[in-house]
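The primary structure of each chain is shown beneath.
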Amino acid sequence: MTSTRPDPAGTDAGTRPRPHRPAAQPNSGTPEAATPEATGGVRRRGFLGWVIAAPTLMVGAPLVAGTAGGAAPAAAAIPNPPELADTYDLGDLQDDAALPTSHLITVVVHDDGTATFALPRAEVGQGITTSTAMIIAEQLDIPVSKVTVTLAKARPELLFNQLTGGSNTTRSTYQAISDAAALAKAKLVEAAAKKWGLDVSALTTRDGAVHGPGGRSAGYGDLTRAAAASKLTRLQVTPKAADEFTVLGKPHKRVDALAAVTGKKVYAMDMHVAGAMPTMIARAPTINGTPVKLLNRAEVLKMPGVKGVAKISTGVAVRAETFGQCIDAIRKVEATWTKGTEAGKSDASVLAELRAAEIPLAVPDVPIGATSVDGDFVFHFRSNSPLETGTAVASYEKDRIQVWSCLKVPIVLQEQLASTYGMAVNQVEVHVVQGGGSFGRHLFSDAALEAVEASKALGAPVKLMWSRTDDFRQGRTHPMATSRVRATYLAGNVLTYEQRHTSVSTDFTHGLGEILTALSAKLPAGNFTFAQSIFELTQTVSYEYGVTTQLLDEVDMGFNTGSMRNIYSPDARTAQELITDKLARLAGKDPYEFRKEFVKDPRGLAVLNKVAEVGKWGRTMPAHTAQGIAVHNEYKGWCAALVEIDCRPATRSRKVADAYTGPRVTKVVFAVDVGMTLNPTGLEAQMQGGIMDGIAQTLTSSLHLKDGYFLEGSWDNYFYTREWNVPPHIEVIVMPDTSTSPGGAGEFGVAATMAATACAYGRATGTMPKSFPINHTDAVKHFDVIPTHPSTPQSPTDGLEYRY
């Protein structure tokens, strides 16, 4: 796998010393932004921040972070008004919601010259602790190795500012963190100037030290106490501009890479909490079934190692000395269960629900000679199970609750626990622990809620873990959906584009990071209102397709769904790009050339041209192989994917089902423009992960619903992209910066890759695919379900038996 980034400058700025820009003296007037100055063609802005009273240097961002230097919406060249998400998207909503509390985000410089920062977000492998450390190192002029980024515990005062989702972490925190770090440096320089009796303009900073004329030098650690404030102080300062960066924009390895590969990285199951013992839950055989009566508690308690058994709201909790003993005990649990929310349902019955709820396409008044191009697509359930299953450590006492888990909305959990157990919020301590993946899964605190409930019921601390089968059958899923499209074409123009997306309800009851929106989403129409808002704030058409409408309808809130990586975009974009290929055929044009004519933004054209050039679009290929190409825009960024696929009959000697070998993607070229790139290495990794997700969702990965539960029980029968079908050639191209602010990137790679893979498959086989993943119907033929008796719970080892 390779990654390239065009470098318009052709040089590395290195670590040259930076002249310090004088900070204005504190004043008692109304804070005003400094007049922006032109520096290398980049607008600069000053701000007024806060030095917090402390024995060492602690600084906060401005009360309301400025927006100068942010990316302006691209001017679309379409003849009709732009869609909502083109001008104000989900990230804008999150940015604006976070602004009022951004000043509560603080950077601390210690007397050993190091800096620390408690990031109010969740690190789940996306690399935000690395990019955050880079931001602080850049503005402070210290090595990244001297910056430690931890994860903040739940802070209810950070209203709307402690939500990890929507590819928004860097986008919403970049300016506040930059400002706070720049302010810290300004105070250190001011302290040195006073010490030496010099003007701050005579000083420079480099490698964690302030330097002055005559060889003077003082490390930050020697200046922190002099720079610290005895009371809250205001200071005006101007951060570095992008053309001055020596850290940001340069490739940097993950700060936690060594810990990850040596097993030293700490996850929830690695927490050492006094008395916490392994705990697991025996669950109902159907989705959301609940226990009615535990029939053999005494028998289970006598099993080796078992220390406690208790019925809780979601199942039967078993606490034992080891997780192996928990599994043995769960398999022996006998209980009666409610039917659950989806008893008796199957793929076919849910699809029928969706069909009945579909919003009709308009009947266009098509001019004489115009042609209607239609498509009808089905997207099956997919598991939102990350590599690390749901885990949490909890201790319940009558006047105190403590919980440790990977949490993307810790404030909601804290306030929910306080309300449930009749405590004040400050009696509930919620610690955010790094997670082994998420992809939206940890927007829901299922494991943490169960851990607290189990700790209370068992009367002891617990170290709770979901089994893999729990995650696949009772965990969060990407909802089944249909997407129907109609476009009209006449004389070289697309006149109209309609898309009607109908989905099993996506659960947004996690809210926007605090309890009020979480509760409002639980109201009868609240979740649908959230869904409509999210759909409108994320979905756009990337092409000049005339009068455009995209509408959403949702049904059936009984499934455990979630905002699995990119929410609606992969499915909606795949349908759009397949119709685009169909329009190109109708116009008698090459798919790439057709897209060039209609893509609605110069940045979109740039990434499209780049993948076509690097991927050698149009090259001669063998029969049953082909290229596909697609464009995607979201979160103030653009990307494009070129995919090559091999759909020739399997020739592998390994005796596995054709559904498992299947078509193979052999090459992906991916170009990405996220405005400002902070860490090209991290961005490349994010795109590679999205590429794998996109391939999986197109070709192989789905859940099969039968009799009210999902058949898949583990990774051995859920066909995520495997080693054999990872493309041998992947190239990620990070485009030159097109903004002075970063856009979103976390979910960005999925939609374009899924769409390009679908288009490649259609060109290789001569048939446009209409159901995803492509192997969904065939895959289940190669399994036998291990029987689950209706009166017994699911075992952690229940699932499908794969027949070779």
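Above this text is the structure in question.
Residues numbered from 1 in each chain as written. Predicted model: local features only at pLDDT ≥ 70, side-chain atom pairs only at ≥ 80, totals over all residues. Heavy atoms only, no water.

**Student:** Account for the sheet that holds strand β23 (residues 428–432), with residues named and values stated.
**Tutor:** Reading across from one edge, β16-β17-β14-β24-β21-β22-β23 is the order of the 7 strands in this open sheet, with mixed pairing throughout. Taken across any chain shown, the strands that pair with only one partner, and hence form the sheet edges, are β16 (306–312) and β23. Geometrically, the sheet is characterised by an average inter-axis angle of 20 degrees between neighbouring strands, direction not taken into account. Sitting on the sheet, helix α10 (residues 410–420) touches β22 (400–405) and β23, and the angle it makes with β23 is about 155 degrees. Helix α11 (residues 446–458) contacts β14 (277–282), β16, β17 (315–320), β21 (391–397), β22 and β24 (462–465) of the sheet and is inclined by roughly 40 degrees relative to β21. (Pairing = 2+ DSSP bridges. Helix = DSSP H or I, 4+ residues; strand = E, 2+ residues; numbered from the N terminus. Axes fitted to C-alpha atoms, helices over the stretch in contact; angles between N-to-C directions. Contact = heavy atoms within 4.5 Å.)

**Student:** Describe unusual backbone geometry, listing the residues and the values that go with them.
**Tutor:** Put simply, Phe 772 and Pro 773 share a cis peptide bond, and its omega is -5 degrees. Of note, Pro 773 is situated in the loop between β35 (771–772) and α21 (776–779). The phi dihedral of Asn 566 is positive, around 90 degrees, even though this residue is not glycine. Of note, Asn 566 is situated in the loop between β28 (547–555) and α15 (569–587). Even without a glycine there, the phi angle at Ile 567 is positive, about 50 degrees. Mapping Ile 567 onto the fold places it in the loop between β28 and α15.

**Student:** Which residues make up the packing of helix α4 (residues 169–196) against helix α5 (residues 220–227), and what values go with them?
**Tutor:** At a minimum axis separation of 8 Å, α4 and α5 run at an interaxial angle of 90 degrees. Our classification of the angle between α4 and α5 gives roughly perpendicular. Contacts between α4 and α5 pair Lys 185, Lys 187, Leu 188, Ala 191, Ala 192 and Lys 195 from the former with Tyr 220, Leu 223, Thr 224, Ala 226 and Ala 227 from the latter. (Parallel < 35°, antiparallel > 145°, perpendicular 65-115°, else oblique.)

**Student:** Run through helix α8 (residues 323–332), naming residues and quoting values.
**Tutor:** If you check which residues of α8 are buried, you get Gln 325, Cys 326, Ala 329 and Ile 330. Around the axis of α8, the buried residues are gathered within 140 degrees of arc, so they sit on the same side. (Buried < 20%, exposed > 50% of the residue type's maximum accessible area, 1.4 Å probe, protein only. Arc of directions from axis to C-beta.)

**Student:** Pulling in residues and values, what's your account of the pairing of strand β34 (residues 729–734)?
**Tutor:** Here is the key point about a regular strand: its side chains alternate between the two faces of the sheet. Most of β34 sits inside the fold, with 5 of its 6 residues counted as buried. With 6 bridges connecting them, strand β31 (residues 664–673) and β34 associate as parallel partners. Residue pairing for β34: Val 672 is matched across the bridge by Val 734.

**Student:** So what's going on with the pairing of β16? Residues and values would help.
**Tutor:** The element β16 is extensively covered by neighbouring structure, given that 5 of its 7 residues are classed as buried. Relative to β17, β16 runs antiparallel, the two being bridged by 6 bridges. Following the sheet pairing, Ile 312 is matched in β17 by Gly 315.

**Student:** Please give an account of the side chain of Gln 576 that cites residues and values.
**Tutor:** By the element assignment, Gln 576 lies in helix α15. A polar contact is formed between the side chain of Gln 576 and the backbone nitrogen of Ser 542, at a distance of 3.1 Å. (Polar contact = N/O pair within 3.5 Å; in protein donor to acceptor, adjacent residues only side chain to side chain.)

**Student:** Can you tell me about the nonpolar core, naming the residues and giving the values?
**Tutor:** Core analysis: the largest hydrophobic core is formed by 48 residues, its most contacted members being Leu 57, Val 59, Phe 117, Ile 136, Leu 140, Leu 188 and Val 210. For this core, the secondary-structure elements that each account for two or more residues are β6 (57–60), β7 (106–109), β8 (115–119), α3 (128–140), β9 (147–151), α4, α5 and β13 (233–237). With 13 residues, α4 is the largest single contributor of residues to this core. Aside from chain neighbours lying at most four places away, what touches Phe 117 is Ile 105, Thr 106, Val 107, Thr 132, Ile 136, Thr 148, Val 149, Thr 150 and Ile 177. Leu 583, Phe 598, Val 631 and Leu 642 belong to the second-largest nonpolar core, a separate cluster that totals 40 residues. (Core = buried A, V, L, I, M, F, W, Y, C linked by side-chain atoms within 4.5 Å.)

**Student:** Hey, could you go over the sheet that holds strand β27 (residues 493–504) for me, with residue numbers and the actual values?
**Tutor:** With mixed pairing, 5 strands are arranged side by side in an open sheet as β28-β27-β26-β19-β35. Bordering the open sheet on either side are β28 and β35, each of which pairs with just one other strand. As paired elements, strand β19 (residues 371–379) and strand β26 (residues 481–490) share 9 bridges and run antiparallel to each other. What sits directly across from Val 373, in β26, is Ala 487.

**Student:** Just give me the short version of the packing of helix α19 (residues 680–699) against helix α20 (residues 748–765), but keep the residues and values in it.
**Tutor:** Between two packed helices, what matters for the description is the angle formed by their axes and the separation of those axes. At a closest axis distance of 7 Å, the pairing of α19 and α20 adopts a crossing angle of 40 degrees. On the basis of the axis angle, α19 is oblique to α20. Viewed along their axes, α19 and α20 form a crossing whose handedness is right-handed. On α20, the residues touching Met 687, Gly 690, Ile 691, Asp 693, Gly 694, Ile 695, Gln 697, Thr 698 and Leu 699 of α19 are Phe 748, Gly 749, Val 750, Thr 753, Met 754, Thr 757 and Ala 758. A per-class count over the contact of α19 with α20 returns 8 nonpolar, 7 polar and 1 charged. (Left-handed = near helix turned anticlockwise from the far one by under 90°. Nonpolar A, V, L, I, M, F, W, Y, C, P; charged D, E, K, R; others polar.)

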